[in-house]
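# Results of the structural survey
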Amino acid sequence: MAEDLVLESCNLECESNNRNHMTADMGSQKLIVRRGQSFTITLLFAGRGYEEGVDRLTLNVETGPCPIESSGTKSHFPVSDALQESAWSAVVDHRDGTALSLLIYSPPDARIGRYALTLEASMGYQGSSFRLGEFILLFNPWYPDDSVFLEFEDQRCEFVLTQQGLIYQGSLKFMVPTPWNFGQFEDEILDICLQLLDTNPKFLRDQNRDCSRRNNPVYIGRVVSAMVNCNDDQGVLAGRWDDKYEDGVSPMSWIGSVDILRRWRKYGCQPVRYGQCWVFAAVACTVLRCLGIPTRVVTNYNSAHDTNSNLVIDRYLDEMGNLQKTSKDMIWNYHCWVESWMTRPDLSPGCDGWQALDPTPQEKSEGAYCCGPAPVKAIKEGELRLKYDIPFVFAEVNADVVYWVLQKDGSRKKTIHSSTVGRNMSTKSVGKDTREDITHNYKYPEGSDEEREVFAKAELQKSYLTEEEKGVSIKIKVSEGMNNGCDFDVYAVISNNTETERLCRLMFCARTASYNGVVGPECGLKDLLNVILLPHAEKTVPLRILYEKYGSCLTQDNMIKLVALLFEYQTGDIILGVRDIYVKNPDIKIRVLGEPVQKRKLVAELTLTNPLSTPLSGCVFTLEGAGLTEGQKTQELASPVEPGQEAKVRVDLAPQLSGLHKLVVNFESDKLKGVKGYRNVIVAPLPK
């Protein structure tokens, strides 16, 4: 009688499996595979090999602390004749002496996470059990039956595999692409993402139920949205918006998610200080891409924060044009969230595709600070009753803004003001460093019949203001060269569209501001009591903005808010113009010296010219991407940089992977903060 099989070793074939499952960039030390796709393992037996018809082999996979078959976290399945598409299964691939290769298949709705794999070998009733090892299972956008399936390869490459990207900041009229290293395949990141799932309150409350729901990207997206902020859990990031970051890192200083996630883990899941919307969104993008869910960061310019859900943002000014804090409603210069691609079988047809998820803590959803996933198609159609949080996102892109002037007698007067929220919605284009406008995904054209139908369906009203109705109107225009360290002019352009002469008072004011709408000190003011407007004529009034006024109070967002109030004496009307301008930082010049080849030394030269009239001290360049070691990521300059002189460093690089890489750079000093730059580096494969 044949002896029982004895397993000598198991080869999980990490290198070839990871390559086939598009996880090779995570390394070859662990088996990392995607669901709905088979992988190969090789068993080596001692003494004799596997005999078909004599030996019975059964595999066991388990995930989570309390694996249960009925919860989908455990499966016991034999090595059989054929793979099954809807369940865990295994077949013999080939035999060679005492070596046996098995193909193991996971169903497309399997729970993601860390699995233990064991083998039971028997010739009848009794047998032996062998632990084969561990593997990690991820979502699979390449498999048509997976709920995150994405049809086009260039999109899968961009939204799952690409580790660097651009996030749009700045202002509506001056959109600034900021480079970011998502780094979802860098060392430790996958383990940290799984730890994040195991730290979420739903897991701590009911481990079995949480793990059983990890087959659903809707559930995972909601958990990640809550866990990226720390407002009601052991989340990754603490938010701060008051320009006081001395006890942490300024949100403007981050250039990637990797450092943030590693810090969170290193310090025992204590929140990392500090984040703002684009940092929250970028970290969520890293986690979701790492887990296999196609994700991109999107930016909404003139984004509304409607706290009372009436779709009206009330803003209050005094007669000098200063914003008054009498409402919690806000208009942010821009706001970032993420979109993830998935099906929505829990909703009516037509809700599949991009889903908005917002990890920035703003309002609670089902008791936790999270937002989404909200189907973008449902937002566009005004389907406010569907899950999750559609009314909040709908308001972010559709609310009306009403400005009131608080008068000396205590009364308030509504201004004549044309403003639209939800403008120039932006994300990085697929496969290239350009901006894609996605506003049409969220809303119909302003004033169109379709838009009116959406608002009627949502049982909401929207006001419309045409140019002809304005009578007297005002716009704010700007000049070229609004560079940090320079003086520049801005202009109030007043048009009288009537048949009669008008006499007005103009209050034109500039204040430094943060991107979330909070204003700081005044840095320019003009008060003209008698402005005469001829019929059908235009008048331009300049306002000089001096560096000596704005330089010391400019926030790290580099924003200045311009407010022009026109008081019309004859009618009593108050006409308002508002514009946010972005003060441009100097460019970082990045030169690559040498031929970029995989695993060969390369030198990058970084240069920034001091544009200010005073020296820069405490100058530091921080770098990510392109195969940098930890020691190379921070480069400090020993001496101050005089006005007009260059801050310059050289850094040794050693790209470990071939292909397209972004070298992402941040510059900090005592007077210049958060200056960003990047350079694409195409690395050739190591010659064979």
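On a predicted model such as this, the values are computed, not experimentally measured, just so you know. (Residues numbered from 1 in each chain as written. Predicted model: local features only at pLDDT ≥ 70, side-chain atom pairs only at ≥ 80, totals over all residues. Heavy atoms only, no water.)

The helix and strand tally for the protein chain stands at 13 helices and 37 strands. A globule of 688 residues ought to have a C-alpha radius of gyration of about 26 Å, and the protein chain, at 29 Å, matches this closely. Considered along the principal axes of its C-alpha atoms, the protein chain spans approximately 110 × 60 × 40 Å. Looking at the protein chain as a whole, 56% of its 688 residues are labelled buried. Of the contacts formed within the protein chain by residues at least 6 apart in sequence, a portion of 67% connects residues at least 24 apart. As presented, the protein chain carries roughly 29000 Å² of accessible surface, and 47% of it is formed by carbon and sulfur atoms. The protein chain carries 76 positive and 91 negative side-chain charges, and their two centres are separated by 4 Å. (Helix = DSSP H or I, 4+ residues; strand = E, 2+ residues; numbered from the N terminus. Rg over C-alpha atoms; globule rule 2.2 N^0.38 Å. Buried < 20%, exposed > 50% of the residue type's maximum accessible area, 1.4 Å probe, protein only. Contact = heavy atoms within 4.5 Å. Areas by Shrake-Rupley, 256 points an atom, 1.4 Å probe, with all protein chains shown as cover. Lys, Arg positive; Asp, Glu negative; His and termini not counted. Charge placed at Lys NZ, Arg CZ, Asp CG, Glu CD.)

What follows covers empty space enclosed by the protein. Inspection of the entire model under this criterion finds 4 cavities of 30 Å³ or more. Of the pockets and cavities examined, the largest cavity occupies roughly 80 Å³. What lines the largest cavity is Glu158, Phe159, Gln164, Gly165, Leu166, Phe182, Arg289, Arg296, Val297, Thr427 and Lys428. Of all elements in the fold, only α2 (153–161), β10 (164–171), β14 (295–305) and β22 (423–428) reach the threshold of two or more residues within the lining of the largest cavity. Of all the elements, β10 adds the most residues to the lining of the largest cavity, at 3 residues. In terms of residue class, the lining of the largest cavity is made up of 4 nonpolar, 3 polar and 4 charged. Taken as a whole, the second largest cavity holds about 60 Å³ of empty space. Around the second largest cavity, the lining residues are Trp241, Asp243, Tyr245, Ser250, Pro251, Met252, Gln276, Trp278, Ser514, Thr555, Gln556 and Asp557. Split into classes, the residues belonging to the lining of the second largest cavity amount to 5 nonpolar, 5 polar and 2 charged. (1 Å grid on protein atoms, 1.4 Å probe; cavity = no way out; pocket = protein on both sides within 12 Å on 5 of 7 lines; lining within 4 Å. Points joined across faces, edges and corners; volume = space filled by probe spheres on them. Nonpolar A, V, L, I, M, F, W, Y, C, P; charged D, E, K, R; others polar.)

Where charged atoms from two side chains of opposite charge approach closely, those side chains can pair. For the structure shown, the criterion picks out 39 salt bridges. For arginine 505, the salt bridge goes to aspartate 527, with nearest N and O atoms at 3.0 Å. Residue arginine 505 is located in strand β26 (residues 502–513), and its partner aspartate 527 is located in strand β27 (residues 519–533); the two are separated by 22 residues in the primary sequence. Within this structure, Glu158, Lys428, Asp433 and Lys662 form a network of salt bridges that share partners. (Salt bridge = Lys/Arg side-chain N within 4 Å of Asp/Glu carboxyl O.)

Next up on the list: the confidence of the model for the protein chain. This prediction gives the protein chain a mean pLDDT of 92; 96% of its residues lie at or above 70. Low pLDDT, under 50, characterises residues 465–469; the predicted model gives this stretch 6 contacts beyond four residues in sequence or across chains. (pLDDT = per-residue confidence, 0-100.)

In terms of burial, strand β17 (residues 330–342) is a largely internal element, 12 of the 13 residues being buried. Where β14 and β17 come together, 10 bridges link them in antiparallel fashion. Paired with serine 303 across the two strands is tryptophan 332, which belongs to β17. Of the strand pairs in this sheet, β17 and strand β18 (residues 353–357) are connected by 5 bridges, and their pairing is antiparallel. Bridged to valine 338 within β18 is leucine 357. (Pairing = 2+ DSSP bridges.)

Right, let's get into the side chain of asparagine 585. For asparagine 585, the location among the structural elements is in the loop between β30 (574–582) and β31 (589–593). Given the relative accessible area of 10%, asparagine 585 is considered buried. Here the side chain of asparagine 585 touches asparagine 558 through a polar contact of 3.1 Å, side chain to side chain. (Polar contact = N/O pair within 3.5 Å; in protein donor to acceptor, adjacent residues only side chain to side chain.)

A word on the sheet that holds strand β1 (residues 6–11). With mixed pairing, 9 strands are arranged side by side in an open sheet as β1-β3-β7-β6-β5-β4-β8-β9-β2. With one partner strand each, in any of the chains shown, β1 and β2 (31–34) form the two edges of the open sheet. Going from strand to strand, the sheet's axes swing by 35° on average, the running direction of each strand aside. (Axes fitted to C-alpha atoms, helices over the stretch in contact; angles between N-to-C directions.)

This next bit is on the packing of aromatic side chains. Counted according to the given criterion, the structure contains 21 aromatic pairs. Between tryptophan 88 and tyrosine 115, the ring centres sit 5.5 Å apart and the planes meet at 50°, which makes this aromatic pair tilted. Placement of tryptophan 88 in the loop between β5 (74–80) and β6 (89–96) and of tyrosine 115 in strand β8 (residues 113–122) is noted, with a sequence separation of 27 residues between them. Ring geometry for tryptophan 341 versus tryptophan 354: centroids 5.3 Å apart, planes at 85°, classification edge-to-face. Placement of the pair is tryptophan 341 in strand β17 and tryptophan 354 in strand β18, with a sequence separation of 13 residues. A relative accessible area of 25% means that tryptophan 341 is categorised as partly exposed. Taken together, the aromatic side chains of Trp241, Trp278, Phe280, Tyr301, Trp332, Tyr334 and Tyr515 make up a single cluster linked through ring pairs. Taking NZ or CZ as reference, arginine 296 lies 4.2 Å from the ring centre of tryptophan 354, over its face. (Phe/Tyr/Trp six-rings, centres within 6.5 Å; stacked < 30°, edge-to-face > 60°. Lys NZ or Arg CZ within 6 Å of the ring centre and 35° of its normal.)

What follows deals with the UniProt feature "active site" (unreviewed entry) in the protein chain. In the UniProt entry, the feature "active site" (unreviewed entry) is given for Cys277, His335 and Asp358. These annotated residues cover 82 residues of sequence, and their C-alpha atoms all fall within 9.7 Å of one another, placing them together at a single site. Examined against the element boundaries, cysteine 277 turns out to sit in helix α8 (residues 277–291). A residue is classified by how much of its surface remains accessible, and cysteine 277, at 0% relative accessible area, is buried. Dropping the residues within four chain positions of it, cysteine 277 is found in contact with Trp241, Trp332, Tyr334, His335, Cys336, Thr360 and Tyr515. When you line up the elements, aspartate 358 lands in the loop between β18 and β19 (374–375). (UniProt positions renumbered as here; feature names shortened; annotations may be inferred.)

The final tally for this structure, using the stated rule, is 0 disulfides. The cysteine cysteine 269 is free of any disulfide, with cysteine 230 supplying the nearest cysteine sulfur at 12 Å. Cysteine cysteine 509 shares no disulfide, and the gap to the nearest cysteine sulfur, in cysteine 523, comes to 7.7 Å. (Disulfide = S-S within 2.5 Å.)

With that out of the way, let us pick up the side chain of asparagine 181. With respect to the secondary-structure elements, asparagine 181 resides in strand β11 (residues 174–181). According to the relative accessible area criterion, asparagine 181 is buried, its value standing at 0%. Within the structure, the side chain of asparagine 181 is placed 3.0 Å from the side chain of glutamine 164, a separation counted as a polar contact.

Here the focus is the pairing of strand β32 (residues 602–609). β32 sits mainly inside the fold: 7 of its 8 residues count as buried. The pairing of β31 with β32 spans 5 bridges and is classified as antiparallel. Of the residues in β32, the one forming a bridge with lysine 589 is threonine 607.

Our next topic: a positive patch on the surface. On the surface, a cluster of positive charge is contributed by Lys173, Arg423, Lys475 and Lys477. Along the polypeptide, lysine 475 turns up in strand β24 (residues 472–478). (Patch = residues over 30% accessible without salt bridge, like charges linked within 9 Å, V, L, I, M, F, W, Y side chains within 5 Å.)

Attention now moves to the packing of helix α6 (residues 217–227) against α8. Orientation of α6 relative to α8, taken along the N-to-C sense of each, is 150°, at an axis distance of 10 Å. Here α6 is positioned roughly antiparallel relative to α8, judged by the angle of their axes. Like other packed secondary-structure pairs, α6 and α8 cross with a definite hand, here right-handed. In contact with Ile220, Gly221 and Val224 of α6, α8 contributes Ala284, Val287, Leu288 and Leu291. In the contact of α6 with α8, the residues fall into 6 nonpolar, 1 polar and no charged. (Parallel < 35°, antiparallel > 145°, perpendicular 65-115°, else oblique. Left-handed = near helix turned anticlockwise from the far one by under 90°.)

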